[in-house]
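# Coordinates in review
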Amino acid sequence: MISVPIHPGIQASTEEMVGLRRQIHANPELGYEEFQTSDLVAQRLARWGYAVHRGLGGTGVVGTLRLGQGGKRLGLRADMDALPMTETTGLSWASRKPGAMHACGHDGHTATLLAAAQVLAAAKGFDGTLNLIFQPAEEGLMGAKKMVEDGLFERFPCDAVYAYHNEPGFPAGQFGFLPGVIYSSSDTVVITIEGKGGHGAMPHTTVDPIMVAAHLILALQTLVSREVDPNDMAVVTVGAMNAGKAPNVIPTSAELKLSVRARRPEVRAFLRERITAMAQGQAAVHGASAVVDYQWKMPPCVNDTAATDFARQVALASMGEKALIPDMAPLQASDDFAFMLDAVPGSYFIVGNGDGKPGGGPGCMVHNTGYDFNDEILPSTASYWVSLVQAYLR
């Protein structure tokens, strides 16, 4: 963990912040079910003097603080939801709910923004409007899109909006900023292959959907290796195949579930066109048919250049060069903060959660039953939020 200056107010509240993070971690709630978490957020914001607004996106919370006569308006976002997983860390603050776990660090995102909110309200060191956005349902349920559709930026206008994600694999406490695309798009495809079932001993009387699915799985792998420009990024992953239950029965249908990712909109659209055509073509060749449910979900997170440069300069001024990840490159993950970035200029950055090396903090990847947010990065991240607000709303 790198050593950087910590805001005195954050330093004084670090123990409380860690306790709050662990409280949220022990009581995870899935998307659109963040009732206890949103109550906790709303109560604390109200106690510190924020105007609290609830209901956007279902369980979303927005806290607004206006100081002085400044006309600038800044939005900061944290996600609150957990994943449908059962935790195996064995920690004293591990999830108390089987089948629900903060395996992506949203407990830490919420705790850091709350800690910064408390310090900013007490210090009153800015001039303008601060909108703190606590978002539900980031994990594939597109809570950000729901908040935007519910009128988030019409009701709470922002000139810029920022968010971050903890990132295992990078040294703890280092910040990564990147203009342009930082996270990829994410779409889900469900392909149902309809054949003709029958006895396993008489395959000639059937149209085997498993065989069609096998051919399609292999064919799909040629999309990235042979049809997408090597200078572009694309991922086509077949994550699930479901078909049949008995060894001597050829089933009537087979189902494939895909995760598809890209950085450029043109590549994203190309993959949709080709996956659909390939599924239908492979099925037709073997006398079957294919129904393609292409779920157009999250676009890439595209950072505004000016907003990103500003955020990076604040980090440089407040923490120094050693706090920055050198040569930051785009990542293959996705986040529905993309919908907020589509609506308002802003920037999404990462904070290293640890790289597993001595002194580098834990490196367990997110979406793993052994993951835990690294409490060591709480003070520096909350301090950065304070610095960013005070710089933007100077």
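All of these numbers come straight from a predicted model, not from anything done at the bench. (Residues numbered from 1 in each chain as written. Predicted model: local features only at pLDDT ≥ 70, side-chain atom pairs only at ≥ 80, totals over all residues. Heavy atoms only, no water.)

## Section: the sheet that holds strand 15 (residues 346–354)
In space, the seven strands of this open sheet follow the order 1-2-4-3-5-15-6, with mixed pairing throughout. The open sheet has two edge strands with one neighbour each: strand 1 (51–54) and strand 6 (175–176). In this sheet, strand 2 (residues 61–67) lies alongside strand 1 in antiparallel orientation, the contact comprising four bridges. Across the sheet, histidine 53 pairs through a bridge with valine 62, a residue of strand 2. Together, strand 1, strand 2 and strand 4 (128–135) form the strand contacts of helix 3 (residues 35–47), whose direction differs from that of strand 1 by roughly 160 degrees. Contacts from helix 11 (residues 378–392) reach strand 3 (73–79), strand 4, strand 5 (160–168), strand 6 and strand 15, with the element oriented near 160 degrees to strand 3. (Pairing = 2+ DSSP bridges. Helix = DSSP H or I, 4+ residues; strand = E, 2+ residues; numbered from the N terminus. Contact = heavy atoms within 4.5 Å. Axes fitted to C-alpha atoms, helices over the stretch in contact; angles between N-to-C directions.)

## Details of the pattern of salt bridges
Any two side chains of opposite charge can pair, on the condition that their charged atoms come close. Taken as a whole, this structure holds 16 salt bridges when the rule is applied. Between arginine 22 and aspartate 375 there is a salt bridge, with its nearest N and O atoms 2.8 Å apart. Linking arginine 22 in helix 2 (residues 14–26) with aspartate 375 in the loop between strand 15 and helix 11, this pair joins segments that are 353 residues apart in sequence. Where glutamate 321 meets arginine 312, a salt bridge forms, and the shortest distance between an N and an O atom there is 3.9 Å. (Salt bridge = Lys/Arg side-chain N within 4 Å of Asp/Glu carboxyl O.)

## What to know about the UniProt feature "domain: Peptidase M20 dimerisation" (unreviewed entry) in the chain
Residues annotated in UniProt with the feature "domain: Peptidase M20 dimerisation" (unreviewed entry) correspond here to residues 188–280. Counting secondary structure, residues 188–280 comes out at 38% helix and 32% strand; the distance between its end C-alpha atoms is 17 Å. (UniProt positions renumbered as here; feature names shortened; annotations may be inferred.)

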